[in-house]
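Listed below, chain by chain, are the residues.
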Amino acid sequence: PYQSQVDLRAPAFRCSCPSRKFPCKHGLALLLLFAEQSQSFQPMQPPAWVAEWLAKRNTSAEKAKAEPEALQPEHATVQKKRAKARASTAAARESKVDAGVRDLELWLADLVRQGLAEAQQRSSTSWSHMAARMTDAQATGLGRMVRQIGTALASGEGWQARTLDQIGRLHLLLSAYKKLETLSAASQLDVRTAIGWTTPKEVLQEQPLIQDSWAVLGQRLHEEDGLRSQYTWLWGEQTQRWALLLSFATAGQAFDMSLIIGSRLSASLRYYPSVLPLRAIIHDSQVLNTPLQSLPGDEQIERLLAGYAATLATNPWVERLPFALRHVIPFYKGGQWAVADGQGNSLPIAASWQGGWQLLAVSGGQALDLLGEWNGSDFFPLSGMLDAKFFELR
């Protein structure tokens, strides 16, 4: 028999089975039994293999919460050396990024000079090599944008406009980086984030806490170069603002499972500093038992698109925004799924989304509310509501 254990505080899992999935089926089975037959579980002294695991978890938690000790005089020299080393590392990275930006500018100028027709004939190694060069320069955001150009070139009908859009966004980012000192502090952070820098922990901790009742409305997984990303969209019911929770995992790692789509939380969030703050982290939270009653949104697609244009004018490197649509009808025409509002305007649904028939079946031809992501060219549905019933779209 396998030794399976679950710590409900996280939740956290551990099992002696050889499964590479986390949690494994034994951990899930144990949770399912607890959920459906809680009366079968009785408090008792944990066996040694459980007690040891819990003790290690408690020790790790206490270390994480412990306040740093006051700086001792004899440690001042060590602290100075560490600060100097950090400054040296930061300067070295700035130098690497500067060199990478110069190389990318030349590469991009050659690409445009030779024309899009020539670019479309290039092999995939042309994009992968330059993307790898940006990774070496510690500018992973630039590398991702280079790959997006290659993807746009092979995206089928309308590839010219999509490619020019990607090239223009990249050129604008390089130009902004060269004039970084002339931008506002928030814009500087947006540019550096788009290039690949992460927000320093101390800067994030300086941001105010935003308390609200948050509805967990949608979630999407994305994978690129072996790294999986989980996007979770929250809506603040009192503040009337969106929040994006972003987490990462490599192969074999599990994402946070505490956020249930369609649930409500009483939580305090900190937003990452930005011209238009959107990404956030949860400081503390508590699940609310009251069900979700409605979705936010606008009945006019035209107004949502105007808001998206205003967002791009402020931060051109926003890759996706939440679009909440009210009273729209899904339809299929000319090989393309789309949704239409009452004014006859429509949004195309992403070709990569495979739930068109499911959505049509759920709606039954009626108008319904939808929440999804808009990237400037197509809509990716995530969840919806019809007759006061919330549903998640896969």
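The structure we're discussing is the one just above.
The shown structure was predicted, so the numbers you read here are calculated from the model rather than taken from an experiment.

> Quick question: what am I supposed to make of the packing of helix H5 (residues 124–136) against helix H6 (residues 140–153) here?
A pair of packed helices is characterised by two quantities: the angle between their axes and the separation of those axes. Across the interface, H5 lies against H6 with an axial gap of 7 Å and an inter-helix angle of 170°. The angle between H5 and H6 places the two elements in the roughly antiparallel class. Between H5 and H6 the crossing geometry is right-handed. Seen from H5, the contacting residues are Trp 127, Met 130, Ala 131 and Met 134; seen from H6, they are Thr 140, Leu 142, Gly 143, Val 146, Arg 147, Ile 149, Gly 150 and Leu 153.

> When you look at the sheet that holds strand S11 (residues 368–374) in this model, what are you seeing that I'm missing?
The strands that make up a sheet are held in pairs by hydrogen bonds between backbone atoms, and each pair lies either parallel or antiparallel. Pairing is antiparallel in the open sheet, where 6 strands are placed in the order S10-S9-S8-S11-S12-S13. Each end of this open sheet is capped by a strand with a single partner; those strands are strand S10 (346–348) and strand S13 (389–392). Neighbouring strand axes in the sheet, compared pairwise and without regard to direction, differ in orientation by 40° on average. Here helix H10 (residues 301–314) sits on the sheet and contacts strand S8 (321–333), strand S9 (336–340), S10 and S11; the angle it forms with S8, its principal contact strand, is near 135°.

> Please explain a nonpolar patch on the surface as it appears in this structure.
There is a patch of nonpolar side chains on the surface, built from Leu 8, Leu 33, Phe 34 and Phe 41 and spanning about 350 Å² of accessible area. Tracing the sequence through the fold places Phe 34 in helix H1 (residues 25–36). Take Phe 34: its relative accessible area is 34%, and that puts it in the partly exposed class.

> Just checking my understanding: could you explain the pattern of salt bridges for this structure?
For side chains bearing opposite charge, pairing can occur when the charged atoms are close. Under the defined criterion, the tally for this structure stands at 14 salt bridges. Of the charged contacts, one joins Glu 94 and Arg 192 as a salt bridge, the two residues approaching to 3.0 Å between their closest N and O atoms. Here Glu 94, found in helix H3 (residues 76–114), pairs with Arg 192, found in helix H8 (residues 185–195); they are 98 residues apart in sequence, far enough to count as distant. Taking the shortest distance from any N to any O, the salt bridge between Lys 178 and Glu 105 comes out at 3.2 Å. With Lys 178 in helix H7 (residues 159–178) and Glu 105 in helix H3, the pair connects residues that are 73 residues apart, well separated along the chain. On the basis of relative accessible area, Glu 105 is assigned to the partly exposed category, the value being 26%. Connected via shared salt-bridge partners are Asp 7, Arg 9 and Arg 57.

> Where do I start with the nonpolar core in this structure?
Side chains of a nonpolar character, in soluble globular proteins, are inclined to be buried together. By size, the foremost hydrophobic cluster in this structure holds 37 residues, and its most contacted members are Leu 217, Leu 325, Leu 347, Leu 370 and Phe 379. Of all the elements in the fold, those that place two or more residues in this core are strand S3 (209–224), strand S4 (227–236), strand S5 (242–250), H10, S8, S9, S11 and strand S12 (379–386). Setting aside residues no more than four positions away along its own chain, Leu 370 makes contact with Leu 295, Phe 323, Ala 324, Leu 325, Val 328, Val 339, Leu 359, Phe 379, Ser 383, Gly 384 and Leu 393.

> Looking at this structure, how should I read H3?
Since the α-helix turns once every 3.6 residues, residues separated by three or four places project in the same direction. Over its 39 residues, H3 runs 57 Å from end to end, which matches the ideal 57 Å to within 8%, given 1.5 Å per residue. Inspection of H3 places Arg 93, Val 97, Gly 100, Val 101, Leu 104, Trp 107, Leu 108 and Leu 111 among the buried residues, and these make up the whole buried set. Where H3 is buried, its residues touch helix H4 (116–120), H5, H6, H7 and H8. Where H3 ends, the next residue or the one after it, Gly 115, has phi of about 95°, a positive value.

> Teacher, can you tell me more about the side chain of Gln 166 here?
As for its placement among the helices and strands, Gln 166 is situated in helix H7. Excluding its chain neighbours within four sequence positions, the residues that come into contact with Gln 166 are Gln 148, Ile 149 and Ala 152.

> What should I look at first to understand the sheet that holds S4 in this one?
Taken together, 5 strands build a closed barrel; the order of strands is S3-S4-S5-S7-S6 and the barrel is mixed. The sheet shows a mean angle of 45° between the axes of neighbouring strands, direction not considered. Relative to S4, S3 runs antiparallel, the two being bridged by 10 bridges. Bridge assignment links Trp 214 to a residue of S4, and that residue is Gly 236.

> Teacher, can you tell me more about the side chain of Thr 232 here?
Position of Thr 232 among the secondary structure elements: in strand S4. A residue is classified by how much of its surface remains accessible, and Thr 232, at 1% relative accessible area, is buried. There is a polar contact of 2.9 Å between the side chain of Thr 232 and the side chain of Gln 219. Residues within four places of Thr 232 in sequence aside, it is in contact with Val 216, Gly 218, Gln 219, Ala 243, Leu 244, Leu 245 and Leu 259.

> What should I look at first to understand the environment of Ile 195 in this one?
Topologically, Ile 195 is positioned in helix H8. Of the residues examined, Ile 195 reaches a relative accessible area of 1% and is grouped as buried. Separated by 98 residues in the primary sequence, Ile 195 and Val 97 place their C-alpha atoms 8.7 Å from one another. Residues in contact with Ile 195, not counting those within four places in the same chain, are Val 97, Ala 139, Thr 140, Gly 141, Leu 142, Leu 173 and Tyr 177.

Rules used throughout
Residues numbered from 1 in each chain as written. Predicted model: local features only at pLDDT ≥ 70, side-chain atom pairs only at ≥ 80, totals over all residues. Heavy atoms only, no water. Axes fitted to C-alpha atoms, helices over the stretch in contact; angles between N-to-C directions. Helix = DSSP H or I, 4+ residues; strand = E, 2+ residues; numbered from the N terminus. Parallel < 35°, antiparallel > 145°, perpendicular 65-115°, else oblique. Left-handed = near helix turned anticlockwise from the far one by under 90°. Contact = heavy atoms within 4.5 Å. Pairing = 2+ DSSP bridges. Patch = residues over 30% accessible without salt bridge, like charges linked within 9 Å, V, L, I, M, F, W, Y side chains within 5 Å. Areas by Shrake-Rupley, 256 points an atom, 1.4 Å probe, with all protein chains shown as cover. Salt bridge = Lys/Arg side-chain N within 4 Å of Asp/Glu carboxyl O. Buried < 20%, exposed > 50% of the residue type's maximum accessible area, 1.4 Å probe, protein only. Core = buried A, V, L, I, M, F, W, Y, C linked by side-chain atoms within 4.5 Å. Expected span 1.5 Å × (residues − 1). Polar contact = N/O pair within 3.5 Å; in protein donor to acceptor, adjacent residues only side chain to side chain.

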